[in-house]
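Now for the letters of each chain:
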Amino acid sequence: MSSDQTKTAILTAAEMLWAERSFGEVTMRDIVSAAGVNLAAVNYHFGSKDELLAELFISRTTVLNRERFAELKAAELEGGGRPSVEAILRALVGPPLRWCLSPDLQRSAAARFMTRASVETVPPIKKIVDKEFRHLQRFATALRLALPHRDEVDIYWGLHFALAMIRQTVTDSERLKKLSGGLCDLNDVDDIIRRIVSTAKDALVGGADAATPLVRASGFRKS
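Everything quoted here is computed from the prediction, not taken from an experiment.

Visitor: Account for the overall build of the chain, naming residues and giving values.
Guide: Secondary structure assignment for the chain yields twelve helices and zero strands. Taken from N to C terminus, the helices and strands of the chain fall in the order α-α-α-α-α-α-α-α-α-α-α-α. In terms of its C-alpha atoms, the chain occupies a principal-axis envelope of roughly 65 × 40 × 40 Å. Taking all 223 residues of the chain together, 41% fall into the buried category.

Visitor: Any details on the UniProt feature "domain: HTH tetR-type" (unreviewed entry) in the chain? Residues and values, ideally.
Guide: Per the UniProt record, "domain: HTH tetR-type" (unreviewed entry) is found at residues 4–64. From the first C-alpha to the last, residues 4–64 spans 22 Å; its make-up is 79% helix and 0% strand.

Visitor: Give me the UniProt feature "DNA-binding region" (unreviewed entry) in the chain: which residues, what numbers.
Guide: In the numbering used here, UniProt assigns the "DNA-binding region" (unreviewed entry) feature to residues 27–46. Note that residues 27–46 is 75% helix and 0% strand, and that its end C-alpha atoms are spaced 14 Å apart.

Visitor: Any details on the state of the cysteines? Residues and values, ideally.
Guide: In the structure shown here, the tally under the stated rule is zero disulfides. Between cysteine 100, a cysteine without a disulfide, and cysteine 184, which holds the nearest cysteine sulfur, the sulfur-to-sulfur distance is 18 Å. Given a relative accessible area of 9%, cysteine 100 falls into the buried group. Relative accessible area serves as the criterion here: at 32%, cysteine 184 is assigned to the partly exposed category.

Visitor: Tell me about the packing of helix α1 (residues 3–20) against helix α4 (residues 49–78), residues and numbers included.
Guide: Two numbers describe how α1 lies on α4: the axes approach to 10 Å, and their chain directions differ by 90°. When the axis of α1 is compared with that of α4, the two are roughly perpendicular. Within the contact between the two elements, α1 uses Lys7, Ile10, Leu11, Ala14, Glu15 and Trp18 and α4 uses Lys49, Leu52, Leu53, Glu55, Leu56 and Arg60. A class-by-class count of the residues in the contact of α1 with α4 yields seven nonpolar, no polar and five charged.

Visitor: Summarise the nonpolar core; cite the residues concerned and give the values.
Guide: Core analysis: the largest hydrophobic core is formed by 58 residues, its most contacted members being Ile10, Trp18, Phe23, Ile31, Leu52, Leu97 and Phe113. Of all the elements, helix α5 (residues 85–101) adds the most residues to this core, at ten residues. Both domains that furnish three or more residues to this core are identified here as domain 1 (1–47) and domain 2 (49–206). Residue contacts for phenylalanine 113: discarding those within four places in its chain leaves Glu15, Trp18, Ala19, Phe23, Leu53, Leu56, Phe57 and Arg60.

Conventions adopted
Residues numbered from 1 in each chain as written. Predicted model: local features only at pLDDT ≥ 70, side-chain atom pairs only at ≥ 80, totals over all residues. Heavy atoms only, no water. Helix = DSSP H or I, 4+ residues; strand = E, 2+ residues; numbered from the N terminus. Buried < 20%, exposed > 50% of the residue type's maximum accessible area, 1.4 Å probe, protein only. UniProt positions renumbered as here; feature names shortened; annotations may be inferred. Disulfide = S-S within 2.5 Å. Axes fitted to C-alpha atoms, helices over the stretch in contact; angles between N-to-C directions. Parallel < 35°, antiparallel > 145°, perpendicular 65-115°, else oblique. Contact = heavy atoms within 4.5 Å. Nonpolar A, V, L, I, M, F, W, Y, C, P; charged D, E, K, R; others polar. Core = buried A, V, L, I, M, F, W, Y, C linked by side-chain atoms within 4.5 Å. Domains from an automatic or database assignment.

Below you can see the structure in the form of structure tokens.
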């Protein structure tokens, strides 16, 4: 194999293994065997298992964020440069939930890998998540334009809560299914997206008084 083919084979094998088993359980020996290469090839291209995991995660999140940006750009064009809060949130929420929960996608190695990355907080991924947040700034900027009277701090809290709802829905979907006795349909991804967008929008807009900061709208006031 060429150098590029070898690297692709390693990434593909690692993703398939991590889609099935925890990050800690999969060894370098497992990856080498599945990829049909030797350990020296993995060390040459990636240096370590952590670096391999980090590169794979970055490659998948890059694709995911391209989908988000494409939807955000379409919303901006439709809104004349100022998309609605709902459209912004839909661009943020839709792609990751479709990746991880859509019946036609969730069986893919990429989707299962991304789901595991949401569930397992391992240092290589946490380091990237804590450091790479520039893509989220685009959504914060769009929300500030859509909500010019909102305090900036409320925009960031609202964005944070929307991201938390995405993660919680992906990681604890089975618990929700059991808790609701099957009432919550986790196969209806469009409905899940609609519900999260609606809840996040209500929090950001702040009900009837959009100028009221979220912390005061919740009933808590500074002493």
